[in-house]
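Given next are the chains, with one letter for each unit.
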Amino acid sequence: MLQNYTFVLILSGLALLVPVAAIVLGHFLGPRRPNPIKNQTYESGVETVGDTWVQFRAQYYLIGLIFLIFDVEVIFLFPIALAYQRLSLFGVVATITFVVILLLGLLLEWRKGALEWE
Amino acid sequence: MQHWSTTLTNFFVGLGLPEPVAMAIAFIIGATALAIFAPTLALGLIWITRKIISRIQDRIGPNRVGPYGLFQTVADAAKLLSKEDISPTDADRVAYNLAPILSVFGVIMSTAVIAFAPGIIGADLHVGVLFLVALGSLGILSALMAGWSSNNKYALLAGFRVIAQLLSYEIPMVLAMLGPVLLAGSMRLQALSEFQSLEIAGFNIGLGWTAFIMPAVFLIYFISALAEGEQTPFDLLEAESELIAGFHIEYSGMKFAMFFLAQFLNSFFLGGIAVMLFLGGWQGPFVDQLPILGVVYFLGKAMLVYAVTQWIKGTFPRVRIDQMMAFAWKVLVPMVLALILWQMIALKLPAPTWVQYAAILIGNLGALALIVVILNRHLSKEEIRTKRAFEPTSLIGTMQPAPPSPGN
Amino acid sequence: MPGLDALPFPLPTVQQVIFILIAGMTVTGALITALAPNLFHNALGLVLAFFGVAGVYVLLEAEFLAVSQVLIYVGAIATLITFAIMLTRGMMFGRTSSTNRLMLSTAIISALFFLVLTGLLVNVAWPEIGAELAGSEQMIADLGEMFVTTYLVPFELMALLLLAALAGAILLARD
């Protein structure tokens, strides 16, 4: 099994090398004449106003939280799927209960309006 | 079928090298082949995209550089190489430079588990399917870094949009992947491809595609993959009229090219995953006799899926952000959860396998019909509401034919 | 090479070298998390540390754990942390001090915790398997089977706990 990951390790080295080489090459081949106007924030020629890092709405955070919870539950389903052929009726009922709890969570969000994007 | 690395290792051992060294050389050759394959493929993909989109828009597209304009992308790459590398003032240097590298890193890594043909797969990981999903989170990370570090409001705004989109559509996508995994009982992509064989009178015609058993799950995967690949109709992040270009607006030269490359490869590989999970992978007639044919079948199918996504790109309008989020959480997730639940029940029916598969198919078709009916009703209501919203308030309900003017 | 046998210490195996590299990466990530002045760089350092931990899992031949680590921690938790930073106005630009007056007590508690962990590592007789684990795909399936048989109660409780977390998250974010 570690053999497989040796290959992944070697490929990851090359996968880093390709973009780094391309960017470094581009850096040296291209001209370099920076000036303050050129380096300004690009807003279609309009002067930028205020700070870039404005406060963001809580909605994004909520989506992140919901995603995290669903992600954790979905990952648990994968090992069960691998063993599904040999599960007894008891195990099947347990798995289905798990999925139903997941569905309940979705229903809860829906009813509480967490899925509305205003 | 013997793995390619075994064949290569044996060849080098035959030349008199000690085994660990032979194996290391074999691995390095394989990895280099994949690392070269990915960027080369991207050059071809960009050309194909431009040709398809041009035809849809009644243009010819690139036709000057080389036959059929084939070398246009090469020329474009050379141009980008000679462009100045501008980094905006006050940009966060570390994150700004790491983001494009990370995005390309993610897509090249995904070639590691792609099953091209029997025995031709970089590394047949036991957690192959989840490995591909995990690499997707690198894309999220690089969008976040680029959006944050550019010191540009539009980049940050686009970064936030793309993350909300990628997170929302990852759930239905992963759940849809669970469908074939449940059937095959394995997460190895080679095993999933092998599972989709179909023998008729002892001859494998390779049409045991899981998409035939679960068309609705396949459709859910395909739609989620469009969103994950940031393709139309889910290309809100690069809405030109609102956000200029997306989270990579401040990038120029080669760094911009890296994001471009990653995006094209990403949407191709998402199609490739669809092929491996739902459309039979490298399966096809005569593949058992001549394994190398698998490469042709796999790349051909993946190209077809890619062409369909470009067709969609050329014809569909863009969705609004609230529609995008609602579609993921209120349509796709409940639907795919219900389908998986039904599949779990169907697979434990005390009946022969084909009856179980037929039950799954009926459930899928039923779910599709149901969702079409519900969406239809919802959309016609929505249409009336939008029309009302655009009626001038002073005229609501008072629209009368103009009174006849006096004197005439 | 005759000289190599004469070394006063044994040469590390390839696996050990890779372990040292991964461990170094994890520690670097942790140090960036704790010491970098920019809050966003702290988050990125944390991601690096997460990747390092995933690498350790791979070396332990626990691939499912490694993949879940990347999916959940890098994909979800790191993103969530960045969202949290961006929601807190005034924290995201400029430099924030990475120390405050609680530094001393935190350092002491961390050092004690480190000592406890080291003691555990050294003194507990860990079960060892000398050979490479065979049929690792079977191991993942076994894990799945255990979720719904041996560890059924914790498994379902976890689902309920996540449901409660979801309800809490909605309550918090709605205000």
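Residues numbered from 1 in each chain as written. Chains lettered and ligands numbered in written order. Predicted model: local features only at pLDDT ≥ 70, side-chain atom pairs only at ≥ 80, totals over all residues. Heavy atoms only, no water.

Participant: When you look at the overall build of chain B in this model, what are you seeing that I'm missing?
Facilitator: A count of helices and strands for chain B gives 14 helices and four strands. Across its three principal axes, chain B shows a C-alpha extent of roughly 110 × 65 × 40 Å. Expressed as a percentage of the 408 residues in chain B, the buried residues total 55%. Of all intrachain contacts in chain B linking residues separated by at least 6 positions in sequence, the fraction that spans at least 24 positions is 74%. Side-chain charges of chain B comprise 23 positive and 23 negative groups, with the mean position of each set lying 7 Å from the other. (Helix = DSSP H or I, 4+ residues; strand = E, 2+ residues; numbered from the N terminus. Buried < 20%, exposed > 50% of the residue type's maximum accessible area, 1.4 Å probe, protein only. Contact = heavy atoms within 4.5 Å. Lys, Arg positive; Asp, Glu negative; His and termini not counted. Charge placed at Lys NZ, Arg CZ, Asp CG, Glu CD.)

Participant: When you look at the overall build of chain C in this model, what are you seeing that I'm missing?
Facilitator: The number of helices and strands found in chain C is six helices and zero strands. Here chain C, with 175 residues, has 33% of them falling under the buried criterion. Looking at chain C alone, contacts between residues at least 24 apart form 49% of all its contacts between residues at least 6 apart. As presented, chain C carries roughly 10,900 Å² of accessible surface, and 75% of it is formed by carbon and sulfur atoms. (Areas by Shrake-Rupley, 256 points an atom, 1.4 Å probe, with all protein chains shown as cover.)

Participant: Looking at this structure, how should I read the environment of leucine 156 of chain B?
Facilitator: All names here are of chain B. As for its position among the elements, leucine 156 is in helix α6 (residues 153-184). Using a relative accessible area of 3% as the deciding quantity, one classes leucine 156 as buried. The spacing of leucine 156 and isoleucine 345 is 189 residues in sequence and 45 Å in space, taken between C-alpha atoms.

Participant: How should the nonpolar core be read in this particular structure?
Facilitator: Within soluble globular proteins, side chains that are nonpolar tend to cluster in buried spots. In this structure, Phe78 of chain A together with Met187, Tyr221 and Trp329 of chain B are the most contacted members of the largest nonpolar core, which totals 206 residues. In terms of residues, this core owes the most to one element, α6 of chain B, which gives 19 residues. Dropping the residues within four chain positions of it, tryptophan 329 of chain B is found in contact with Ile63, Ile66, Phe67, Phe70, Leu106, Glu109 and Leu115 of chain A together with Ser168, Ile171 and Pro334 of chain B. (Core = buried A, V, L, I, M, F, W, Y, C linked by side-chain atoms within 4.5 Å.)

Participant: What is the right way to look at the interface of chain C and chain A in this model?
Facilitator: When the parts come together, some accessible area is lost, and that loss is often what is quoted as the size of the interface. On the chain A side, the residues contacting the 48 residues of chain C number 47 residues. Roughly 4,400 Å² of surface becomes buried between chain C and chain A when both sides are summed, with 78% attributable to carbon and sulfur atoms. When the buried surface of chain C facing chain A is broken down by residue, Leu80, Leu87 and Leu166 of chain C rank first, second and third, together holding 14% of it. On inspection of chain C and its partner chain A, the count reaches two salt bridges. Applying the counting criterion to the chain C and chain A interface returns three residue pairs in polar contact (both at pLDDT 80 or more). Within the residue set of the side of chain C that touches chain A, elements represented by two or more residues are α1 (14-35), α2 (39-59), α3 (63-87), α5 (136-147) and α6 (152-174) of chain C. Sorting elements by how many residues they give to the side of chain C that touches chain A places α6 of chain C first, with 15 residues. Residues that form the side of chain C that touches chain A fall into these classes: 33 nonpolar, six polar and nine charged. (Buried area = accessible area lost by both parts, 1.4 Å probe. Salt bridge = Lys/Arg side-chain N within 4 Å of Asp/Glu carboxyl O. Polar contact = N/O pair within 3.5 Å; in protein donor to acceptor, adjacent residues only side chain to side chain. Nonpolar A, V, L, I, M, F, W, Y, C, P; charged D, E, K, R; others polar.)

Participant: For this particular structure, what's the right way to read helix α3 (residues 89-112) of chain A?
Facilitator: Residues three or four positions apart in an α-helix share a direction because the helix packs 3.6 residues into each turn. Residues and elements named next belong to chain A. Compared with an ideal rise of 1.5 Å per residue, which puts 24 residues at 34 Å, α3 spans 34 Å between its outermost C-alpha atoms and is within 8% of the ideal. Taken together, the buried positions of α3 are occupied by Gly91, Val92, Ala94, Thr95, Ile96, Phe98, Val99, Ile101, Leu102, Gly105, Leu106 and Glu109. Glycine 113 sits one or two positions beyond α3 and adopts a positive phi of about 80 degrees. (Expected span 1.5 Å × (residues − 1).)

Participant: How should the interface of chain B and chain A be read in this particular structure?
Facilitator: Listed by partner, the interface residues are 81 residues for chain B and 70 residues for chain A. Summing the contributions of chain B and of chain A, the shared interface buries around 6,800 Å²; its carbon and sulfur component is 77%. The largest per-residue losses of area from chain B upon contact with chain A belong to Lys153, Trp329 and Lys330 of chain B, which jointly make up 10% of the total buried on that side. Secondary-structure elements contributing two or more residues to the side of chain B that touches chain A are α2 (19-56), α4 (93-110), α5 (128-149), α6, α11 (253-278) and α13 (321-347) of chain B.

Participant: Quick question: what am I supposed to make of α1 of chain C here?
Facilitator: The end-to-end C-alpha distance of α1 of chain C, which contains 22 residues, comes to 31 Å, matching closely the 32 Å that a straight helix rising 1.5 Å per residue would cover. Taken together, the buried residues of α1 of chain C touch α2 of chain C.

Participant: Help me out: how do you make sense of the pattern of salt bridges in this one?
Facilitator: Once the charged atoms of two side chains with opposite charge are near each other, the side chains can pair. As enumerated under the stated definition, the model contains seven salt bridges over all chains in all. A salt bridge links arginine 86 of chain A to glutamate 145 of chain C, with the nearest nitrogen and oxygen atoms 2.3 Å apart. Of this pair, arginine 86 of chain A sits in the loop between α2 (58-83) and α3 while glutamate 145 of chain C sits in helix α5, each in a different chain. Of the residues examined, arginine 86 of chain A reaches a relative accessible area of 37% and is grouped as partly exposed.

Participant: Explain the side chain of glutamine 190 of chain B here, please?
Facilitator: All names here are of chain B. Here glutamine 190 shows up in helix α7 (residues 189-195). We classify glutamine 190 as buried; its relative accessible area is 4%. Apart from residues no more than four positions distant in its own chain, glutamine 190 is found in contact with Ala115, Ala117, Pro118, Gly119, Ile120, Ile121, Asp124 and Trp282.

Purely geometric stuff here, so don't read any function into it on its own.
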